[in-house]
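Close look at the chain arrangement
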Amino acid sequence: MRTLAGRWGLILFRWHGGHLGKRRQQRTWLGPRPALARSLQMGAMQLLSATTRRQNLNALQQERFDVLVIGGGVTGAGVALEAAVRGYRVALVEKADFAGGTSSKSTKLVHGGIRYLPNFDFPLVHESLVERGLLLHNAPFLVQPLAFVLPLYRGDRHPVGIPFTTPGGVGLSAVLDVGLTLYDLMAGRYGIARHRRLSRQEVLRYAPDLVSASLKGGFLYYDAQTNDARLTMTLIRTAARYGAVIANYCEVVGLQLAQGRVCGACVRDVLEGDEITVQARHVVNAAGVFAERVEALCGLRPQVGIEPSKGVHLIFSREDLHVGEAAIVLPETEDRRILFVVPWQSRVIVGTTDTGSGDLDHPLPDASDISYLLRHLNRYLSLRLTREQIISSYAGYRPLFKPREQGGSDTARLSRTHAVLENEAGLVTIVGGKLTTYRRMAQDTVDRLDERDGRQPRHPTLHLRLAGSEDWSLARPELKRQAAAAGLADDIIAHLLQGYGTETGKILELVADEPTLAQRLVADLPYIRAEVVYACRYEMAMTPADVLARRTSLILEDRQRGLQALEMVASLMAREHGWSSDQVQRLKEAYRQEVERQLAAEETRLSA
């Protein structure tokens with residue numbers, strides 16, 4: 001029945017787009033449709049400001065919730081949205097900032113994962129491809145299709161991690177063709193486009209910087225990309241629209257138990273130092289790499305061990321690393337991994353590693369990580385990239401899991417599948433997974449809560465448009481026209497539309513009220529001052545790092561790691577939050593120390 005419903009929904013969607021699209025494009029976008037506007041009226045007017053946060057802290061202490069979600073990454077945000085849309089009264093707390101951990105440290109891809117095919121992890125690949133298709137529909141402004149070039153070279157023995165080889169590599173191209181055909185078939189009706197073979201000349205047209213010697217040809221296939229931190233923030237905002245009570249910088253320091261069952265949590269306000277107790281019928285542990293620590297607060301032995309896997313990425317300018325609109329897959333490393341070279345916003349991302357863990361609270365790339373990526377990158381490039389050309393780097397931990405009886409520590413071999421667990425105290429923990437499958441993880445988690453409550457599970461988020469996506473095809477040209485009329489440059493307009501969708505209108509209102517907010521934060525990047533004000537009022541940005549590292553990506557894209565925008569960002573935030581001069585100085589210094597810590601780990605320094 002669920003499959004039939006999904007098929008009928010898709011048929012209606014295709015008919016709607018195919019037969020009504022031209023007529024709809026002739027209309028003028030006047031905001032959300034009346035029914036949608038009514039359903040979101042409260043949420044659309046709701047701010048996520050510092051004042052909202054204080055109000056939410058009061059509500060957390062005074063109310064009893066149906067569901068308390070611990071963790072404000074993409075998984076926790078997805079669980080909060082799923083539960084809220086199903087009618088639960090939901091609270092969410094995050095010990096730092098939303099997307100402050102793994103959810104802002106990914107390769108920024110929404111993908112099935114071709115490297116899981118050689119491991120025969122077909123269920124994960126299929127699940128990921130379906131979720132990719134849903135995201136392309138549910139957040140069309142934020143998730144876009146992306147072509148990938150997979151080159152093949154004479155001498156490659158295990159391209160894309162194929163666990164076997166053949167004499168001289170003969171026949172491996174045919175094996176990859178079969179694998180990519182499976183990839184297309186598993187996407188089914190959610191597919192983007194079929195893969196195809198590329199000649200040697202075609203590969204070089206897509207990726208002119210690749211080494212041409214020994215290049216045999218390649219393939220072109222399709223996945224998608226996103227801004228991971230903004231996706232998480234969009235989920236947070238959508239959950240708040242549906243009534244979720246949300247607060248960042250709220251750390252769970254203890255779990256409340258009654259008759260041996262979890263019934264709430266003791267939460268410390270990291271910014272003010274106060275502690276409150278949050279009561280809830282269900283408590284969901286969505287803390288990612290910290291899930292094992294949270295489960296231990298019950299006083300019971302955690303059921304599953306988290307095996308953190310560090311992924312490191314490098315950022316280059318498009319002038320130094322020439323890529324077009326297609327990503328490049330570097331097919332083989334010495335440890336049988338693949339690396340991605342991905343055009344992303346104004347820059348190029350190269351990654352990722354898959355190594356052991358370190359300080360979970362402060363994941364940092366080190367010199368060996370950077371050397372590994374540069375070595376394999378230069379192996380496939382006709383130019384030679386150096387440390388001096390790296391704009392920035394970042395690291396995050398994937399929360400891989402394994403049963404406690406399983407030995408070994410090869411994180412590259414652990415699956416990215418997820419599991420919903422419930423311990424003897426009734427704490428529900430969601431572990432594993434990846435960015436692409438956050439919605440399915442949330443669905444499975446709330447299904448468990450429905451089962452506990454004796455409710456028939458339903459899945460409303462399958463086709464739920466996220467905040468910013470309402471009537472997007474109609475809104476986009478009108479918002480583009482309004483932004484141009486406001487005097488914004490083309491790159492700024494493209495950036496705003498891709499990051500905020502229909503909520504770009506709120507930023508344009510800020511610019512209309514205060515024209516100086518249209519000015520750039522950094523001369524060669526499309527971020528503007530209005531985004532800082534928007535982040536304070538609508539996205540619960542509480543520190544300069546929240547704005548520079550997550551509401552925007554200046555810490556990654558700016559050659560000075562956001563330091564040249566720090567003064568203006570802190571000034572605008574001080575005006576919004578009423579900070580004293582001492583607070584401003586303390587917060588600016590905290591950001592500088594964060595950048596210095598990263599530079600020290602990289603063994604590098606900023607260029608003048």
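Residues numbered from 1 in each chain as written. Predicted model: local features only at pLDDT ≥ 70, side-chain atom pairs only at ≥ 80, totals over all residues. Heavy atoms only, no water.

1. Topic: helix α13 (residues 472-485)
With 14 residues, α13 extends 19 Å between its outermost C-alpha atoms, agreeing within 8% with the 20 Å of an ideal straight helix rising 1.5 Å per residue. Within two residues after α13, G487 carries a phi angle of roughly 85°, on the positive side. (Helix = DSSP H or I, 4+ residues; strand = E, 2+ residues; numbered from the N terminus. Expected span 1.5 Å × (residues − 1).)

2. A closer look at the pattern of salt bridges
Evaluated as defined, the whole model comprises 44 salt bridges. A salt bridge links E325 to R318, with the shortest nitrogen-to-oxygen separation between them at 3.7 Å. When its relative accessible area of 65% is taken as the criterion, E325 is described as exposed. Two residues, K588 and E567, come together in a salt bridge whose shortest N-O distance is 2.7 Å. Taken together, the residues K588 in helix α20 (residues 581-602) and E567 in helix α19 (residues 563-577) connect sequence positions 21 residues apart. We classify K588 as buried; its relative accessible area is 3%. Its relative accessible area of 49% is what places E567 among the partly exposed residues. (Salt bridge = Lys/Arg side-chain N within 4 Å of Asp/Glu carboxyl O. Buried < 20%, exposed > 50% of the residue type's maximum accessible area, 1.4 Å probe, protein only.)

3. Notes on the packing of aromatic side chains
Applying the stated criterion across every chain, the model contains eight aromatic pairs. Measuring from ring centre to ring centre gives 5.9 Å for F120 and F122, while their planes differ by 90°; the resulting arrangement is edge-to-face. Taking the centre distance of 5.5 Å and the plane angle of 55° together, the rings of Y153 and Y380 count as tilted. A residue pair is termed long-range when its members are at least 10 positions apart, and Y153 in strand β4 (residues 144-153) and Y380 in helix α11 (residues 367-380) qualify at 227 residues. With a relative accessible area of 7%, Y153 lands in the buried category. Accessibility expressed as a relative area gives 3% for Y380, which makes it buried. (Phe/Tyr/Trp six-rings, centres within 6.5 Å; stacked < 30°, edge-to-face > 60°.)

4. Examining the packing of helix α16 (residues 529-538) against α19
Packing of α16 against α19 leaves a shortest axis separation of 9 Å and a crossing angle of 40°. Classed by the angle they form, the pair α16 and α19 counts as oblique. Taken as a pair, α16 and α19 cross one another with a handedness that is right-handed. Contacts between α16 and α19 involve R529, V532, V533, C536 and R537 on the former and, on the latter, M568, V569, L572, M573, R575, E576 and H577. Tallied by class, residues from the contact of α16 with α19 come to seven nonpolar, one polar and four charged. (Axes fitted to C-alpha atoms, helices over the stretch in contact; angles between N-to-C directions. Parallel < 35°, antiparallel > 145°, perpendicular 65-115°, else oblique. Left-handed = near helix turned anticlockwise from the far one by under 90°. Contact = heavy atoms within 4.5 Å. Nonpolar A, V, L, I, M, F, W, Y, C, P; charged D, E, K, R; others polar.)

5. Let's talk about the environment of F164
Position of F164 relative to the elements: it lies in the loop between β4 and α7 (172-187). F164 gets classed as partly exposed once you look at its relative accessible area, which sits at 40%. Along the chain, F164 and P118 lie 46 residues apart, while their C-alpha atoms are 9.3 Å from each other. Excluding residues that lie within four positions of it along the chain, F164 makes contacts with R157, H158, L172 and V175.

6. Points about the pairing of strand β17 (residues 428-432)
Counting buried residues along β17, five of its five residues qualify, which places the element largely inside the surrounding structure. Sheet topology note: the strand β10 (residues 275-285)/β17 ladder contains two bridges and is parallel. Residue pairing in the sheet places V284 in a bridge with V428 of β17. Looking at chain direction, strand β16 (residues 418-422) and β17 are connected through five bridges and run antiparallel. Residue pairing for β17: V420 is matched across the bridge by I430. The antiparallel pairing of β16 with β17 creates a hairpin that spans five residues between the two strands, and G426 there sits at a positive phi of about 90°. (Pairing = 2+ DSSP bridges.)

7. Here we look at a nonpolar patch on the surface
There is a patch of nonpolar side chains on the surface, built from F120, F122, V178, L182 and L185 and spanning about 490 Å² of accessible area. Sort the elements by how many residues they give to the nonpolar patch and α7 lands first, with three residues. Under the relative-accessibility criterion, L182 is labelled partly exposed at 35%. (Patch = residues over 30% accessible without salt bridge, like charges linked within 9 Å, V, L, I, M, F, W, Y side chains within 5 Å. Areas by Shrake-Rupley, 256 points an atom, 1.4 Å probe, with all protein chains shown as cover.)

8. With respect to unusual backbone geometry
At the junction of G351 and T352, the peptide bond is cis and its omega measures out at 15° in the coordinates. The residue M540 is not glycine, and still its phi comes out positive at about 55°. By secondary structure assignment, the location of M540 is in the loop between α16 and α17 (544-551). Even without being a glycine, E603 presents a positive backbone phi close to 60°. With respect to the helices and strands, E603 occurs in the segment after α20.

9. Observations regarding the confidence of the model for the chain
When the pLDDT values of the chain are averaged, the result is 89; 89% of them are 70 or greater. For residues 405-414, every residue scores under 50 in pLDDT, and the model assigns this stretch 20 contacts once sequence neighbours within four places are set aside. (pLDDT = per-residue confidence, 0-100.)

10. Some thoughts on the pairing of β4
Counting buried positions along β4 gives eight out of 10 residues, so the element sits mostly inside the fold. Sheet topology note: the β4/strand β6 (residues 215-225) ladder contains 10 bridges and is antiparallel. Pairing of Q144 across the sheet is with Q225, part of β6. The sheet contact formed by β4 and strand β12 (residues 326-330) spans three bridges and is parallel. Its bridge partner being in β12, V149 is matched across the sheet by I328.

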